[in-house]
Amino acid sequence: MLGAPRIWAWRGIRRFNLIVAKENLAAQRTPDAARAEQFTAVANLSLKALSGASVQEIMETAVDKVALLLDVEFTKVLERLPDGDVLLLRAGKGWKPQYVAGETTVCAGLDSQAGYTLRQNDPVIVADLRTETRFSGPAILHDHNVVSGVSVVIPGSKRPHGVLGLHSAGPRTFAEHEIQFVQAVANVLATAIERSEADRARADAFAMVQASEERFRAVVQNAVDMVTIVNAEGAIVYDSPPVQRTLGYDPEERRGHNTLEYVHPDDTGVILESLADVTARPGAQVSAQARVRHRDGHWLTVVAAATNMLNNEAINGIVVNWHDVTERVQIQRQVEDLNAELEKRVRQRTAQLEATNSELESFAYSVSHDLRAPLRAMDGYARILLAEADDELSEMAQRYLKRIRHNAQQMDQLIQDLLAFSRLNRQELRKTELQPERLIADALDALEAEQEDRSVAIVVGDLPTVHADPTLLRAVCVNLLSNALKYTRTREPARIEVGVLQQDDQREGEPPVFFVRDNGVGFDMKYADKLFGVFQRLHRAEEYEGTGVGLATVQRIVRRHGGRVWAEGEVDKGAAVYFTLEE
Amino acid sequence: MVEESVEILLVEDNPDDVELALHALKKHKLSNQVQVVRDGAEAIETIFGAENDGEGPLQSRPRLILLDLKLPKVDGLEVLEQLKRDPRTKKIPVVILTSSNQEPDLKRAYDLGANSYIVKPVDFEQFVDAVQQLGFYWLLLNQAPAA
C-alpha cells in the first residue's frame, strides 16, 4: 500500500557536517547493491519469523537492519496499545538510554508523527520536522534533534499493530525503494505479530482443554459414582478409582473381563438385556439395578446408567455410571416390610371392628326383638284389661294398670331411642347440598302435635346451603326444635329463633354457626357439659318428658359431619344450641 | 275341605304376641278363621304339605298370611321367599308382623314381595288398616252384623 512518497524540501543548515557525512556514507553503495541488501534483509527477517523467533527478537533485528541499511541514527518500533491512545516503544536503535524499550510510551494523538501515521494508509515522510505543519512531533524526536524521517504503519488484520519509524538528525531524502523496503519490513513485523498472537490463542485453547481434561479426570477419580467403560461385547475397558473403593478391585484387575462375571446369577438376565438394548441404539441411555460381587465375595446392589458412546471416537465404548445402593435398598425393603406389616394390622383391626360391628348389629337386633317383646306383652295385656275388664277393677287397680302401661311404653321408647342412637355411628353418611329451610319446615310439620293449642312464634333467618346427610340433619332439626318447643311450653308467647350467627370477626372460610334459640326455661350453665351426654337430663320426668337421647344424638350427628356443638343458657331466660357442620 | 275354613294363617312364635293378636281378632269374631303355627317350618308344611314337590294341589291355601320375621327353625324371610317364589302361592297376600318400622329386615321383606306390615303388638285398628290396604274388605264385611 505504498503511494507516491511525499517529499518536503529541506531548508536550513543545522548539523551540516553530519549531513555531509551521511550523504557520503550512502554514496559508498551503489543503488542496486543497496536494493539487493535490503531484499536480503527482508527475506532473512521473514525466515527468522518463520523459524520461531520471538516477536521481540524480530523487532530488534528489524530496527538494527533498517538503521544500518538506510544509514539513519534512529529507528523504532512502536506498538499500539489496546486502548489506542498510547504507543509503546518495543524496540529502538540510537536513542538515549533513558528511552528504555518496553517502558517508553509515545502519545498516539494526531499531533505526533506516529499518531498521524497510524491514521494514514501511506508512509509518512518528514523532510524537516522543524517546518512540519501536519504534526508537532513528540518529545523523543525533539530530544534527539530529529529533523527528517519516515514512519510506516505495521498493518493488522483488524487494526494497525503499530508504527515502524526511522529518523535522522540531518536532512535526508528517501528514495522510493527505500520507503518500499521500510514498508516491507513493517509487513514482516505484522506477520510475525499476528503469528505470535495466533500461537498464543492456540496455546490458550490448548491450556483450556488440558485444564478441563484434568478437571474431568479429577471428577471421575474422586467421585463417589463409579465409571466403567465396556465395549460392545460387555468386556471391561476402564474402571475408575471409585470402583476399588466400593468393590475392592484395583483399576487394572477387571480390565478385559466381561462385566457379567461380576453380576449375580439372578441378575445377569437384566444386565444382558440392558446391554443389548443400549448397544443397539447409539446415544441411548439405559438404567438397571443389579447385584454385583465385591472382591471379598459379598454382594452389593448397584444402580447403573449406561450410555452408548460407541460412535464417539475418543471413547468408542459404553460408558456406565454406577453407584452402590445397597443401603438404600435395604432401608427401602425395611420400609416396605413395615408398610406391609402395618397394612396387615390395619386389615386385622378392620376385621375385628367389622366383627364387633356385626356383633353389635345382632345385639341391637336381639335387643329390639327380645327385650321389647315382654314390654309389648305387658302393655298389651294391660290395655286389654283396661279396655274390657274396667267394670271389674277398682279405681286403684285401673290407675296402677295405667302406670304399668306408661312404664312399659317409656322403656320401649328408651330402647328404641338407644337403638336409633347406636345406629347413628354405623349409618353411612350420604352428603348432598341441602337447603336447611326445607328440613326445618319438615321438622316443624313432624312436631305439629307439640305446637297445637299454643302460641309459638318461630322465626327462621336466612340460612346458607349446607353439605350434609339429609336424614341425619333432619334428625338434628327435629331434636333441637322438639327441645325448644318442649321447654317453652310454659311461655306465652313462646319464641323460637333459628339462624346463622353473624360474627364481625368471622374470617373467610370459617364455617357458618347455626343456632336454635328459645325463651324457654333454660338451664344452669354449670350443667352445660352434661347436656350432651346420653340419658343425661336436667329436668325431672314429671316436668318434661324425654329419654335424654336428643342432644346426644345431635352431638353425634354434628361430630360425624366434622362440626361441633355447644349450648348457652340461663335458668328461666331461655337456651340456645349452636353447631357447625364442618371444621 | 280344610282349605276353605282357613282364612288367615298366623305365623308367630311368641305366645304373648299370639294371644294379643288372637284377642284383637276375636273381638271381631275373626279368630275361628285363624290358624296359628309357631315356626317357619310348620308354616311351610301347613301350606305345602309334608313333602313339597313343587307341584300338585296345596295342603292349605290361606287367604291372608300374618308372618313374623323372627321365627325358630325357618325364619320369616325364608318362608316369605318360598311363598313368593312358588307360582301356586305367590299371590297369597303376606302381612309382616314387625316389632319396629325401623326394622332393617322390613325392607328386605318388601323386596321379596311382602304386601304390608303391622307393628306389634297387634291391635285391631292396625289390622283393619292392613286389611283395607290390601282391599280385603270381605274379611271385615263378613263380620258386619248386616252382612
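Residues numbered from 1 in each chain as written. Chains lettered and ligands numbered in written order. Predicted model: local features only at pLDDT ≥ 70, side-chain atom pairs only at ≥ 80, totals over all residues. Heavy atoms only, no water.

**Description of the overall build of chain B**
A tally of helices and strands in chain B yields 7 helices and 5 strands. Ordered by position in the sequence, the α and β elements of chain B form the string α-β-α-β-α-β-α-β-α-β-α-α. Out of the 147 residues belonging to chain B, those deemed buried represent 50%. Summarising the internal contacts of chain B: among those between residues at least 6 apart in sequence, 63% fall at separations of at least 24. Carbon and sulfur atoms make up 47% of the accessible area of chain B, which amounts to about 7,400 Å² in all. (Helix = DSSP H or I, 4+ residues; strand = E, 2+ residues; numbered from the N terminus. Buried < 20%, exposed > 50% of the residue type's maximum accessible area, 1.4 Å probe, protein only. Contact = heavy atoms within 4.5 Å. Areas by Shrake-Rupley, 256 points an atom, 1.4 Å probe, with all protein chains shown as cover.)

**Describing the overall build of chain A**
If you tally the helices and strands in chain A, you get 14 helices and 18 strands. Looking at chain A residue by residue over its 583 residues, the buried ones come to 40%. Long-range contacts, defined here as pairs at least 24 residues apart, represent 59% of the contacts in chain A between residues at least 6 apart. Split by element, the accessible area of chain A, about 32,700 Å² in all, is 52% carbon and sulfur.

**Some details on the sheet that holds strand β5 (residues 148-154) of chain A**
All names here are of chain A. The sheet built from 6 strands is open, its strands ordered β3-β2-β1-β6-β5-β4 with antiparallel pairing. One side of each edge strand has no neighbouring strand; the edge strands of this open sheet are β3 (105-107) and β4 (124-126). Across the sheet, the mean angle separating the axes of adjacent strands is 25° when strand polarity is ignored. Where β5 lies against strand β6 (residues 162-168), 7 bridges are found, and the strand directions are antiparallel. Paired with Val153 across the strands is Val163, a residue of β6. Across the sheet, helix α3 (residues 55-70) lies against β1 (74-80), β2 (86-93) and β6, angled at about 65° from β2, the strand it touches most. Where helix α6 (residues 176-222) meets the sheet, it contacts β1, β4, β5 and β6, and its direction lies at approximately 35° from that of β5. (Pairing = 2+ DSSP bridges. Axes fitted to C-alpha atoms, helices over the stretch in contact; angles between N-to-C directions.)

**Some thoughts on a negative patch on the surface**
Together, Asp442(A), Asp445(A), Glu448(A), Glu452(A) and Asp453(A) give the surface a local cluster of negative charge. Along the chain, Asp445(A) falls in helix α11 (residues 436-446). (Patch = residues over 30% accessible without salt bridge, like charges linked within 9 Å, V, L, I, M, F, W, Y side chains within 5 Å. Salt bridge = Lys/Arg side-chain N within 4 Å of Asp/Glu carboxyl O. Lys, Arg positive; Asp, Glu negative; His and termini not counted. Charge placed at Lys NZ, Arg CZ, Asp CG, Glu CD.)

**Section: the pairing of strand β3 (residues 64-68) of chain B**
Residue and element names in this part refer to chain B. With 5 of its 5 residues buried, β3 lies for the most part within the structure. The two faces of β3 match: Leu64, Leu66 and Asp68 on one face and Ile65 and Leu67 on the other face are all buried. For strand β1 (residues 8-11) and β3, the ladder comprises 4 bridges, and the chain directions are parallel. Directly across from Leu9, in β3, lies its bridge partner Ile65. Taken together, the 4 bridges between β3 and strand β4 (residues 94-98) define a ladder with parallel strand orientation.

**Quick word on the packing of helix α10 (residues 395-426) of chain A against helix α14 (residues 550-560) of chain A**
All names here are of chain A. At a minimum axis distance of 10 Å, the contact between α10 and α14 shows a crossing angle of 5°. Relative to α14, the element α10 lies roughly parallel. For the pair α10 and α14, contact is made by Phe421, Leu424, Asn425 and Arg426 and by Ala552, Thr553, Arg556, Ile557 and Arg560, respectively. For the contact of α10 with α14, a count of residues per class yields 4 nonpolar, 2 polar and 3 charged. (Parallel < 35°, antiparallel > 145°, perpendicular 65-115°, else oblique. Nonpolar A, V, L, I, M, F, W, Y, C, P; charged D, E, K, R; others polar.)

**Thoughts on the pairing of strand β10 (residues 299-309) of chain A**
Residues and elements named next belong to chain A. One ladder, built from 9 bridges, connects strand β9 (residues 285-293) with β10; its direction is antiparallel. Bridge assignment links Ala288 to a residue of β10, and that residue is Ala304. In sequence, β9 turns back onto β10 through a hairpin of 5 residues, with Gly297 there showing a positive phi of about 105°. Relative to strand β11 (residues 317-324), β10 runs antiparallel, the two being bridged by 8 bridges. Looking across to β11, one finds that Thr307 is bridged to Val319.

**Examining a positive patch on the surface**
Residues and elements named next belong to chain B. Judged by side-chain charge, Arg61, Arg63, Lys90 and Lys91 come together as a positively charged surface patch. Topologically, Arg63 is positioned in the loop between α3 (40-48) and β3. Looking at Arg63, the relative accessible area reads 42%, which means it is partly exposed.

**Comments concerning helix α6 (residues 124-134) of chain B**
For an α-helix, 3.6 residues make a turn, and residues three or four places apart therefore share a direction. Residues and elements named next belong to chain B. Phe124, Phe127, Val128, Ala130 and Val131 are the residues of α6 that are buried. Buried residues of α6, seen end-on, are gathered within an arc of 165° and therefore sit on one face of the element. Those residues of α6 that are exposed and angled more than 90 degrees off the buried face are Glu125 and Gln133. Following α6 by one or two positions, Gly135 has its phi on the positive side, about 75°. (Arc of directions from axis to C-beta.)

**Remarks on the sheet that holds strand β7 (residues 226-230) of chain A**
Residues and elements named next belong to chain A. The 5 strands are arranged β8-β7-β11-β10-β9 in an open sheet whose pairing can be described as antiparallel. Unpaired on one side and paired on the other, β8 (236-239) and β9 mark the two borders of the sheet. Adjacent strand axes in the sheet meet at a mean angle of 25°, parallel and antiparallel pairs treated alike. Here helix α8 (residues 268-280) sits on the sheet in contact with β7, β9, β10 and β11, set at roughly 150° to β9. Helix α9 (residues 326-388) rests against β9, β10 and β11 of the sheet, and its axis sits at about 120° to β10.

**Considerations on the pattern of salt bridges**
All names here are of chain A. Scanning all chains against the criterion turns up 26 salt bridges over all chains. Notably, a salt bridge pairs Glu178 with Arg172, separated by 3.5 Å at the nearest N-O pair. One exposure class covers both Glu178 and Arg172, and it is buried. A salt bridge links Asp199 to Arg202, with the nearest nitrogen and oxygen atoms 2.5 Å apart. Of this pair, Asp199 and Arg202 both sit in helix α6, 3 residues apart, which is roughly one turn of the helix. Its relative accessible area of 54% is what places Arg202 among the exposed residues.

**Here's the deal with unusual backbone geometry**
All names here are of chain A. Looking along the chain, the bond that leaves Glu492 and enters Pro493 is cis, with omega of -5°. Of note, the phi angle at Asp453 is positive, near 60°, even though the residue is not glycine. Note on placement: Asp453 falls in the loop between α12 (448-451) and β13 (456-460). Residues other than glycine seldom take positive phi values, yet Asp572 does so here, at roughly 70°. Take Asp572: it is sitting in the loop between β17 (565-570) and β18 (574-579).

**Structural notes on the side chain of Asp379(A)**
All names here are of chain A. One can find Asp379 in helix α9. Judged by its relative accessible area of 11%, Asp379 is buried. A polar atom in the side chain of Asp379 sits 3.3 Å from the side chain of Gln409. (Polar contact = N/O pair within 3.5 Å; in protein donor to acceptor, adjacent residues only side chain to side chain.)

**Considerations on the packing of helix α13 (residues 470-487) of chain A against α14(A)**
All names here are of chain A. Running from N to C, α13 and α14 cross one another at 145°; their axes reach a closest spacing of 9 Å. In the packing of α13 onto α14, the handedness of the crossing is left-handed. For the pair formed by α13 and α14, the contact residues are Leu472, Ala475, Val476, Asn479, Leu480 and Asn483 on the first element and Gly550, Leu551, Thr553, Val554 and Ile557 on the second. For the contact of α13 with α14, the residue count by class is 7 nonpolar, 4 polar and no charged. (Left-handed = near helix turned anticlockwise from the far one by under 90°.)

Purely spatial values, then, with no claim about function.
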